[in-house]
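# Descriptive structure summary
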Amino acid sequence: MASFLPQFQSIKTSFDHVVLAVEDVSDLWPIVKKGFEERLPFRRAFLNNKTRNPVLVDELPAEYILTTDARLRSRFPQEQALFWFREPYATIVLVTCEDLDEFKNILKPRLKLIVQNDEREWFIVFVSKAPAHNDQATKMAKKVYAKLEVDFSSKKRERCCKLDLHGPDGHSWEDLEAKVMECIRNTLDRRIHFYEDEIRKLSEQRFMPVWNFCNFFILKESLAFMFEIAHLHEDALREYDELELCYLETVNMAGKRRDFGGLEQGDDQATLLDPGKKALAQIVQDDSFREFEFRQYLFACQAKLLFKLSRPFEVGSRGYSFIISFSKALALHERLLPFCMREVWVITACLALIDATASHYKDGLAAADVEKEFYRVQGELYTLCRTKFMRLGYLIGYGSDIDRSPVNSASLSMLPWPKPAVWPSLPSNASSEVLAKEKMILQESARPKHFGIQRKPLPLEPSVLLREANRRRASLSAGNMLELFDGRPYTNDGSGSPSPLPKGNTLSMSRTFSSTGNFEGSIDAPMRLAEIYVAAEHALRSTISDVEMWKSLSSVEEFEQKYLDLTKGAANNYHRSWWKRHGVVLDGEIAAVYHKHENYDFAANLYEKVCALYAGEGWENLLVEVLPNLAECQKILNDQAGYLSSCVRLLSLDKGLFLTKERQAFQSEVVRLAHSEMEHPVPLDVSSLIRFSGNQGPPLELCDGDPGTLSVMLRSGFPDDITLESLSLTLSATNNTDEGAKAVKKSEAIVLRPGRNNINFPLPPQKPGSYVLGVLTGQIGQLRFRSHSSSKSGPADTDDFSSYEKPTRPILKVAKPRSLVDLTAAVSSALLMNESQWVGIIVKPIDYSLKGAVLHIDTGPGLRIEDRHGIEIEKHEVGSRKTPNLDNQPDNLSPVSAAVKQLIPEDGKISLPDWTSNITSVLWIPLLAVSDGLAKGTPAGTVVPPRQNVVDGLRTIALKLDFGASHNQTFEKTIAVHFTNPFHVSTRVADKCNDGTLLLQVILQSQVKASLVIYDAWLDLQDGFAHAGKADGRPASSFFPLVVSSKSRAGILFTICLADTLAKDEAKQLDPASILNIRYTISGSRKLGAHSPVTEELSEPDNIKAEHLTFRSALVLQRPVLDPCLAVGFLPLPSSGIRVGQLVTMKWRVERLKDSEETMPSDNLDEVLYEVDINSENWMVAGRKRGYVSLSSKQGSRIEISILCLPLVAGYVRPPQLGLPNVGETNISCNPPGPHLVCVLPSPLSSSYCVPAA
């Protein structure tokens, strides 16, 4: 079958449609040809694929060919079996007949003869020529067509259709197309089955000696091409995939050595997208094909189908994998191929694949993830092409023009050298070129880095090219190591160039190895590096057949332009893919080219992107290669802000990446720019250079409103001392994120030394909460810097800058507002009224120092400070026991003395001594509570509200304490102090003698927590009373001195009698009350309550003998009422009784028993106020419950008071009671008295709605 390969390939290039045979029985084709061809190609056809599943084909191209055409008549049977795909898929028989006899005798036998071959798909088209107006002809045509259907159609399949030339033809053409598609589908299924059987038979023999891959290929590709003609591209692609797998399995079978190929002119140019580039007959070798050409042919067929399927992204993905695998195959046969054939082929393959896929791809053709993957593959192709291109450039001497960046070093140092069988030799006429190369090598000099940075150049070669080339020279079998380097020792600095030889050794080297004549045999002298470059260039010129590609290697300028184009293509595609970081890295290579050609603006923009990536990822070893270049560009462009930022970032890198003098150069640039005259102050982030944190230990704790000093530890990354003109620190509250950060400033200049520095910040009062360190800001000259304590290196104005890591440990805790001190009264019991008393104020610090505290005292009304007496302060013993730890505070400046200390007030202020700052102390203030009125006694048994007594003796002291470091804390409190009289006096008549003498008992109740001693007492009686015994008003019996203990009572008896009353005018001039005079002393402690009045001698104890005190109390004595003034009697109730719901009148009679002028000096003696007391739950009053009635002041006058009431409940209830509010109970006589309870009967039964019984 191999002899049919040229014919098969020519058929593939010219045949691309389905063939339909037309058997024109009645010479109708010229008439219907136009109608048939107008409907080509077939639209929306359904065909069965290899797995017998229907597939929709949008357009199916086809061609109608008469059976008499030579194209169908000139084929041999073997051809038809091999190229069955171009045989007709259906036979269309065109007939017409207008007579039944003609049909039976002539047409029918002929049709039987035509359709007797069952292997063909056929159907008959009956063309009716009958005009529409000729009914007879139309009927005859219908009869003939009916007879035709009966003879050639069956129930299983309709093989006839009718085409009316003069009638409506819409339905007829649809029926015709349906039958054509049915025939094509059946033929395609049959042929697929045939090819599968044949291919299966050959596949079973592929590991046998009789295996012939050419036969298998022709059958397999015939099937694939048949699918391609039918537009079943997926099935065709699958066949080519299987064909490739089968070839890879059998191409390297043991015992069969075949030529690889690739030795012909033009084979260096990849043919991945042109299957017809080379004829198949030229690559046949025995029973198979050469691998070099055939694998490219198979991929070209696959790519063609993928482009038809609108899947250029898959072409790129498959192409990249194919290039990698085919490059490995080229490496296996590299010794037989031309010099650098592998590199040249990869470059042409990548470029061809990039151009083809890019031209077929349109944005939006695929999903977003597929589109990103497509651009990633495009970037990979560009990168692979770029790497191979750099290798070729290095081989011909352009290595010094390739930037020794990390990405280039990584790509080239891991790429092996070409491995030809013999390294190219130097042409005999290339001496001028060698001299030019040597001159270029001597002029090579590494570009000095900015700041004088000295770094070892990164290598661009896997090993020394000079050694590798000389080792692979075929004739080299012996030699000296120095000879390999042309008599010069090789420097292992990655530059690939030998170092100059010392002058002293030059002569000896030249004498020993001056020429090749010193070697015996055919051993050639080792090649110099310039000779290697020239030899490689001549070898490449013979290998490369592409003019454009050789042009890109012809000069340094062309090389750099091609290198730049490839790098840009890779970067742009990476930017549009998943691998954006690869694009940024390659932007750095583009920037290096711009930098070399002094295009600093574009170079700086690209370098910034690369530095942002390296800084964000923490790749400091890579950043150190790029950042100095960025700084140099910024300095040349006079970008002061950017240059400063780059210098700071260089200082922020690991110290081991630079020498100390280099870091000092960075710092000197920072200081120089900071103190120069910049147009605008530059803000800069130095988070990785100046780090700060709180000191070890617990956070600083302050109370609300207190200032303090915050100690912060700063770590300077500068190599030398640096002066900061100002420094401020922000504190962020952790409990309130809405509140902004608060700045703490330190205005004086600070010198930061390398390493750790402790800085103290004055801290103003802060709000309560927990605070962490925020941002550190400061200024160096015109430079404003900021630091966020801990951050990765990177520019703060890019998205790649890492987030700041704020310390979570709080540095400051400000307590919520609480009581820092408490002022309370030392005693709660009452003190003596109108006497000087010590009032104790307990000053209690609550975990807070009161050092330097000042107390302001302001007394309220009725209270004053006794200025003639001093103020005393002492330690509070009880308080110290409760809080023992306060005495042990380190702030206690002096030991606490148990003795009493005297203080002198100044303008109402008292400065507390330092020894009281952390302990509880008592301040004793001499106060005098003034009360102008006399104490009033009460009759015995009368309940006096205690509140009234408390209010009368209550006095207030307003205290204000200023304390804290700068008296920023203030505590104000008003303390109530209770003052009272020593006694409460009550009286009662103990007995009435027969002679009219009254025994008056005076009861004295002690009201203080102290012991009272009574030495004397006398009573000054009011008008109407007189002393019956002693005329001096002393008690009847004398038991003085009388001791009255705390809260106890004592009684004194006075004998009095009634006396004649004075006239009204004289009575008004005398005191209406009696006065009780008591001379006493008090013995008590000021720590408990009332005590002896303050004396001039402050050192005397409280319980010494003091002068007698006098207490006076007013007693109101009333003459006894012997005869009532009014009589109130309750009149009897009705005899019928009281019922619920019935009104009843309650009556009382009021009678005056005696004249009232003598005892009641009122102007309205005839008006009496009455009030009825009633329970509203039992009674309802139909009238006034309170009012006035007229009653004459003459003896014997009477009046009745009646109230209309309604009982509400039945039973024994309390009746209403009549009272006279303005008349004392002793002047009222109840006669007859009212009942306590009355009987109320239930309401009678109601018969209003009862119906009489019938």
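Data block above holds the structure.
A few points on the structure. Just so we're clear, the structure is a prediction, and the values are computed from it rather than from any experiment.

When helices and strands are tallied, the protein shows 29 helices and 53 strands. Relative to its 1254 residues, the protein shows a buried fraction of 47%. Contacts spanning at least 24 positions in sequence make up 77% of the contacts within the protein whose residues lie at least 6 apart. Of the roughly 62,800 Å² that the protein leaves accessible, carbon and sulfur atoms contribute 50%.

Let's shift gears to the sheet that holds strand β50 (residues 1211-1213). Read across the sheet, three strands follow the order β44-β53-β50 without closing on themselves; strand pairing throughout is mixed. Edge positions in the open sheet fall to β44 (1138-1139) and β50, since each of these has one partner strand only. Both β50 and strand β53 (residues 1238-1241) contribute to a ladder of three bridges, which runs antiparallel. Opposite Tyr-1212, over in β53, you have Cys-1239 as the bridge partner.

All right, on to the pattern of salt bridges then. This model, assessed by the stated rule, comprises 44 salt bridges. Salt-bridge contacts for Asp-151 lead to Lys-108; the nearest nitrogen and oxygen are separated by 3.4 Å. One end of the pair, Asp-151, is in helix α6 (residues 135-152); the other, Lys-108, is in helix α5 (residues 100-114), with 43 residues separating them in the sequence. In this structure, the salt-bridge partner of Glu-617 is Arg-581, at a minimum N-O distance of 3.3 Å. Taken together, the residues Glu-617 in helix α23 (residues 600-617) and Arg-581 in helix α22 (residues 580-596) connect sequence positions 36 residues apart. A relative accessible area of 37% means that Glu-617 is categorised as partly exposed. Overall, Arg-581 belongs to the partly exposed group, its relative accessible area being 43%. Residues participating in the shared-partner salt-bridge network are Glu-234, Asp-241, Arg-311, Glu-314 and Arg-318.

In this section: the packing of aromatic side chains. Inspection of every chain in the model, using the stated rule, returns 38 aromatic pairs. Considering the side-chain rings of Phe-213 and Phe-216, the 6.1 Å spacing of their centres and the 40° angle between planes classify their relative orientation as tilted. Highlighted residues: Phe-213 and Phe-216, both in helix α8 (residues 213-229), separated by three residues, approximately one helical turn. Note on accessibility: Phe-213 and Phe-216 belong to one class, buried. Every member of this aromatic cluster is reached through a ring pair, and the members are Phe-213, Phe-216, Phe-217, Tyr-247, Phe-289, Phe-294 and Tyr-297. Between the NZ or CZ atom of Arg-159 and the centre of the ring of Trp-122, over which it lies, the distance is 4.3 Å.

This part is about a nonpolar patch on the surface. The grouping of Met-1180, Leu-1208 and Val-1209 at the surface amounts to a nonpolar patch, some 230 Å² of accessible area in total. Position of Leu-1208 among the secondary structure elements: in the loop between β49 (1198-1207) and β50. Leu-1208 sits in the partly exposed class, given a relative accessible area of 37%.

The next subject is the sheet that holds β49. Read across the sheet, five strands follow the order β47-β49-β45-β43-β52 without closing on themselves; strand pairing throughout is mixed. Taken across any chain shown, the strands that pair with only one partner, and hence form the sheet edges, are β47 (1179-1181) and β52 (1228-1230). Direction aside, neighbouring strands of the sheet carry axes that sit 30° apart on average. Relative to β49, β47 is paired through three bridges, and the arrangement is antiparallel. By the bridge assignment, Trp-1179 is partnered in β49 with Pro-1207.

Quick look at the packing of helix α11 (residues 312-332) against helix α12 (residues 341-360) now. Interhelical geometry of α11 versus α12 gives an angle of 175° and a closest axis separation of 10 Å. Considering their axes alone, α11 and α12 lie roughly antiparallel with respect to each other. Here α11 contributes Pro-312, Val-315, Gly-316, Gly-319, Tyr-320, Phe-322, Ile-323, Phe-326, Ser-327, Leu-330 and Ala-331 to the contact with α12, which in turn contributes Arg-342, Trp-345, Val-346, Ala-349, Cys-350, Leu-353, Thr-357 and His-360. Residues belonging to the contact of α11 with α12 are distributed by class as follows: 13 nonpolar, five polar and one charged.

Take the environment of Ala-410 next. Here Ala-410 shows up in helix α14 (residues 406-413). Taking the C-alpha atoms as reference points, Ala-410 and Pro-462, separated by 52 residues in sequence, lie 9.6 Å from one another.

Moving on, we get to the environment of Val-1128. Take Val-1128: it is sitting in strand β43 (residues 1126-1130). Taking the C-alpha atoms as reference points, Val-1128 and Ile-1199, separated by 71 residues in sequence, lie 9.8 Å from one another.

What follows is about α22. Here α22 is 17 residues long and its end C-alpha atoms lie 25 Å apart, about the 24 Å a rise of 1.5 Å per residue gives. The buried count for α22 comes to 13 of 17 residues, which makes it a mostly enclosed element.

A word on helix α10 (residues 291-308). Taking 1.5 Å of rise per residue, the 18 residues of α10 would be expected to cover 26 Å, and the 26 Å separating its terminal C-alpha atoms lies within 8% of that figure. In the segment just after α10, Ser-310 is the residue with positive phi, at about 60°.

A cluster of acidic side chains, namely Glu-98, Asp-99, Asp-101 and Glu-102, defines a negative patch on the protein surface. Relative to the assigned elements, Glu-102 resides in helix α5.

Moving on, we get to the side chain of Glu-196. Residue position: Glu-196 is located in helix α7 (residues 170-203). For the buried Glu-196, no salt bridge exists, and the shortest N-O distance to an oppositely charged side chain is 4.3 Å, to Lys-50. If we ignore the near neighbours within four places in the chain, the residues touching Glu-196 are Lys-50 and Arg-52.

Relative to strand β29 (residues 909-911), strand β25 (residues 854-859) runs antiparallel, the two sharing three bridges. Bridging across to β29, His-856 finds its partner in Lys-909. The sheet contact formed by β25 and strand β33 (residues 954-963) spans six bridges and is antiparallel. Bridge pairing in β33 places His-856 opposite Lys-960.

This part takes up the environment of Phe-339. Its place among the elements puts Phe-339 in the loop between α11 and α12. Exposure remark for Phe-339: the relative accessible area of 8% places this residue in the buried category. Spatially, the C-alpha atoms of Phe-339 and His-538 are 9.9 Å apart, while their sequence positions differ by 199 residues. Ignoring any residue separated from it by four or fewer positions in sequence, one finds Phe-339 in contact with Leu-395, Pro-418, Pro-420, Trp-423, Pro-424, Ala-536, Ala-539, Leu-540 and Thr-543.

Before going further, it helps to spend a moment on unusual backbone geometry. Excluding glycine, residues mostly have negative phi values, and the peptide bonds linking residues are mostly trans. For the peptide bond that leads from Leu-40 to Pro-41, omega is -5°, which places it in the cis range. Relative to the helices and strands, Pro-41 is located in the loop between α2 (29-38) and β2 (42-48). Although it is not a glycine, Ser-310 sits at a positive phi angle of roughly 60°. Position of Ser-310 among the secondary structure elements: in the loop between α10 and α11. Here Lys-1047, not a glycine, exhibits a phi torsion of approximately 65°, which is positive. Of note, Lys-1047 is situated in the loop between β39 (1042-1044) and β40 (1049-1058).

Conventions we followed
- Residues numbered from 1 in each chain as written.
- Predicted model: local features only at pLDDT ≥ 70, side-chain atom pairs only at ≥ 80, totals over all residues.
- Heavy atoms only, no water.
- Helix = DSSP H or I, 4+ residues; strand = E, 2+ residues; numbered from the N terminus.
- Buried < 20%, exposed > 50% of the residue type's maximum accessible area, 1.4 Å probe, protein only.
- Contact = heavy atoms within 4.5 Å.
- Areas by Shrake-Rupley, 256 points an atom, 1.4 Å probe, with all protein chains shown as cover.
- Pairing = 2+ DSSP bridges.
- Salt bridge = Lys/Arg side-chain N within 4 Å of Asp/Glu carboxyl O.
- Phe/Tyr/Trp six-rings, centres within 6.5 Å; stacked < 30°, edge-to-face > 60°.
- Lys NZ or Arg CZ within 6 Å of the ring centre and 35° of its normal.
- Patch = residues over 30% accessible without salt bridge, like charges linked within 9 Å, V, L, I, M, F, W, Y side chains within 5 Å.
- Axes fitted to C-alpha atoms, helices over the stretch in contact; angles between N-to-C directions.
- Parallel < 35°, antiparallel > 145°, perpendicular 65-115°, else oblique.
- Nonpolar A, V, L, I, M, F, W, Y, C, P; charged D, E, K, R; others polar.
- Expected span 1.5 Å × (residues − 1).
- Lys, Arg positive; Asp, Glu negative; His and termini not counted.
- Charge placed at Lys NZ, Arg CZ, Asp CG, Glu CD.

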